[in-house]
Amino acid sequence: MKSFRKELYFHAKTRRAYINITSQVEAALAESGIREGLCLVNAMHITASVFVNDNESGLHRDFDRWLEKLAPEKPYNQYEHNGYEDNADAHLKRSVMGREAVVAVTNGKLDFGTWEQIFYGEFDGMRDKRVLVKVIGE
Ligand code: ZN
């Protein structure tokens, strides 16, 4: 079995962002040379997510509006976690949207359903963040 590891870097200019990272994951998979196996993609931060869904901007605005209803950013003092930090809402949003995606690798490609794409969800941006891509297989 082979394994391959790569970190992707992001720096969103806004507090929240939804970034399609499918092509970067595909490039990492190609670099790995692995044809059959599994590809794990996870946020390396507890205020960001990696998730699989539709590449449709209206849906991304819907996610954002829904997450803001569940865990509004403001007022900051509504959260016990805030004080030194102001990112309690980002931790909660990340928990809802998940830490990682695992995609099957078949014949050297990500084995997606028809509309599936991989997204990086940023909930506490304007800083450097990392995503881990780990591919195992042969
Ligand atoms: Zn925090």
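Residues numbered from 1 in each chain as written. Predicted model: local features only at pLDDT ≥ 70, side-chain atom pairs only at ≥ 80, totals over all residues. Heavy atoms only, no water.

1. A few points about unusual backbone geometry
Then, in step 1: Cis peptide bonds are those with omega within 30 degrees of zero, and the linkage from Lys74 to Pro75 qualifies with 0°.
Then, in step 2: If you trace the backbone, Pro75 turns up in the loop between helix H2 (57-70) and helix H3 (88-97).
Then, in step 3: The phi dihedral of Asn107 falls on the positive side, at around 55°, and the residue is not glycine.
Then, in step 4: Looking at the element boundaries, Asn107 is found in the loop between strand S5 (100-106) and strand S6 (109-110).
Then, in step 5: Even without being glycine, Met126 reaches a positive phi, approximately 65°.
Then, in step 6: Relative to the assigned elements, Met126 resides in the loop between strand S7 (117-122) and strand S8 (129-137). (Helix = DSSP H or I, 4+ residues; strand = E, 2+ residues; numbered from the N terminus.)

2. Observations regarding the coordination of the zinc ion
Then, in step 1: The protein atoms that coordinate the zinc ion are His81 (NE2), Glu85 (OE), Asn87 (OD1) and His91 (NE2), at distances of 2.0 to 2.3 Å.
Then, in step 2: With 4 donor atoms in place around the zinc ion and angles of 82 to 157° between them, the coordination shape is irregular.
Then, in step 3: The sequence pattern describing where the donors of the zinc ion fall on their chain is H-x3-E-x1-N-x3-H.
Then, in step 4: Looking at His81, the relative accessible area reads 38%, which means it is partly exposed.
Then, in step 5: Under the relative-accessibility criterion, Glu85 is labelled partly exposed at 32%. (Donors = N, O, S within 2.8 Å, 3.2 Å for Na, K, Ca; no water. Tetrahedral: all angles 85-135°; square planar, octahedral: opposite > 155°, others 65-115°. Buried < 20%, exposed > 50% of the residue type's maximum accessible area, 1.4 Å probe, protein only.)

By themselves these figures say nothing about function.
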